[in-house]
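# Overview (structure and organization)
This is what each chain is made of:
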Amino acid sequence: MSTAADRWVRFGLKPLVYAAGAGPFLYVAAGIAGIGGVNLGANPVEETLDTPGIWGLWLLLATLAVTPLRQATGWTPLMRLRRPLGLAAFFCVLGHFLFYLVVDRALEFDTIGEDIVKRPFITVGLAALLILTPLALTSTGWAMRRLGRRWQRLHRLVYVAAFLGFRHYASQVEALLLLPRD
């Protein structure tokens, strides 16, 4: 039986979460198009690269906060937000990585390989993305049933991915701040 709270989460909050996942890409598109007063700053490539990565990190943190919030409040419909938050985080991180590959490094795989070896924060970020990928691919009900108890063990890797994501971020700033310095 569906309650009003379930319907509110399903039809109200879930679409907002998916919209939040599109937020960094809409922001960057607005900056490129010069609409909405969005200014990508003196280094638009860096701003465009950083924006989805930071959003992905915040969305991943929100994903991890769902269970403790549910435990603290007892509001079980909140659990319906974990999957959309996790998928939105994954797509932001994937967009961050693809922008790095295509625009920042122009698909120059020699340079990308050198970056992975010489710049540990890139290796750490890539490891986080590699962990998040099977989590996103197995986030369906079918995968949950197929994997059984193994699904839960696999999805506990989200904690490792979150740690690596924050390590990737922290390695790029002088001190752990809410946003990187310009």
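Here's a quick rundown of the structure. Residue numbers restart at each chain and count upward from 1, following the sequence in its written direction. Local features in this predicted model are restricted to residues whose pLDDT is 70 or higher, and side-chain atom pairs enter the listing and the counts only when it is 80 or higher, whereas totals over whole chains, interfaces and linings include all residues. Working from all heavy atoms in the structure, the side-chain values ignore hydrogens and water.

## As for the overall build of the chain
The test is simple: Numbered from the N terminus, helices here are DSSP runs of H or I no shorter than four residues, and strands are runs of E no shorter than two. Computation of the radius of gyration draws on C-alpha atoms, with the globule rule given as 2.2 Å multiplied by the number of residues to the power 0.38. Contacts: residue pairs with any heavy atoms within 4.5 Å of one another. Each accessible area is a Shrake-Rupley result for a 1.4 Å probe, and residues are judged covered by the shown protein chains and nothing else. Only four residue types enter the tally: Lys and Arg on the positive side, Asp and Glu on the negative side, with His and both chain ends excluded. To locate a charge, the coordinates of NZ of Lys, CZ of Arg, CG of Asp or CD of Glu are taken.
Along its length, the chain carries eight helices and zero strands. Ordering the α and β elements of the chain from the N terminus gives α-α-α-α-α-α-α-α. What you see for the chain is a C-alpha radius of gyration of 18 Å, in line with the 16 Å of a compact globule of 182 residues. For the C-alpha atoms alone, the extent of the chain along its principal axes is close to 55 × 40 × 30 Å. In the chain, the share of contacts with a sequence separation of at least 24, taken over all contacts with a separation of at least 6, comes to 63%. For the chain, the accessible area works out to roughly 11200 Å², and carbon and sulfur atoms hold 65% of it. Averaging the positions of the 18 positive and the 11 negative side-chain charges in the chain gives two centres separated by 24 Å.

## Considering the environment of L129
One can find L129 in helix α5 (residues 120-137). Through-space distance from the C-alpha of L129 to that of I112 is 15 Å; in sequence the pair is 17 residues apart. Not counting residues within four places of it along the chain, the set of residues in contact with L129 comprises F90, V93, L94 and F97.

## Details of α5
Counted only if it meets this: Take the number of residues in a helix, subtract one, and multiply by 1.5 Å to get its expected span. Classification of residues uses two cut-offs on accessible area relative to the type maximum, computed with a 1.4 Å probe and protein chains only: under 20% is buried, over 50% is exposed, and between them is partly exposed.
Across its 18 residues, α5 extends 26 Å between first and last C-alpha, which sits within 8% of the 26 Å expected from 1.5 Å per residue. If you check which residues of α5 are buried, you get F121, I122, G125, A128, L129, I131, L132, L135 and A136.

## Concerning the packing of helix α2 (residues 44-73) against helix α3 (residues 82-104)
Which entries qualify depends on this criterion: Between N-to-C directions, angles cover 0 to 180 degrees, with each direction set by a line fitted to C-alpha atoms, over the stretch in contact for helices. Roughly parallel refers to an angle under 35 degrees, roughly antiparallel to one over 145, roughly perpendicular to one between 65 and 115, and oblique to any angle outside these ranges. Two helices crossing with the near one rotated counterclockwise from the far one by less than a right angle form a left-handed crossing, whereas a clockwise rotation gives a right-handed crossing. Each residue is assigned to one of three groups, with Ala, Val, Leu, Ile, Met, Phe, Trp, Tyr, Cys and Pro labelled nonpolar, Asp, Glu, Lys and Arg labelled charged, and all others, Gly among them, labelled polar.
Here α2 crosses α3 at 160°, and the two axes come no closer than 8 Å. In this view, α2 runs roughly antiparallel relative to α3, as classed from their interaxial angle. The interaxial crossing formed by α2 with α3 has left-handed handedness. For the contact of α2 with α3, the class distribution of residues is 15 nonpolar, eight polar and two charged.

## Points about the environment of H96
Our working definition: The term polar contact refers here to a pair of N or O atoms within 3.5 Å; inside protein, the definition further demands a hydrogen-donor-capable atom paired with an acceptor-capable atom, and it admits residues adjacent in sequence only when both atoms are side-chain atoms.
Along the chain, H96 falls in helix α3. We classify H96 as buried; its relative accessible area is 16%. With 42 residues separating them along the chain, H96 and I54 place their C-alpha atoms 8.8 Å apart. Apart from residues lying up to four places away in sequence, H96 is in contact with L49, P52, G53 and H168. A distance of 2.6 Å separates a polar atom in the side chain of H96 from the backbone oxygen of L49.

## Quick word on the side chain of T48
Among the structural elements, T48 can be located in helix α2. At a separation of 2.6 Å, a polar atom in the side chain of T48 contacts the main-chain carbonyl oxygen of P44.

## Concerning helix α1 (residues 4-33)
Since the α-helix packs 3.6 residues into each turn, any two residues three or four apart lie on the same face. Inclusion rule: A residue's bend is the angle separating two fitted axes: one through the seven residues that end there, the other through the seven that start there.
Taking 1.5 Å of rise per residue, 30 residues should cover 44 Å, and α1 covers 40 Å from first to last C-alpha, within 8% of that figure. Its axis deflected by about 40° at A22, α1 carries its strongest bend there, up to four residues before the proline P24. Looking at α1, one finds that the buried residues are D6, V9, L13, V17, G21, G23, P24, V28, A30 and G31. On its buried face, α1 sits against α2 and α3. Phi for G34, located one or two positions after α1, is positive at around 70°.

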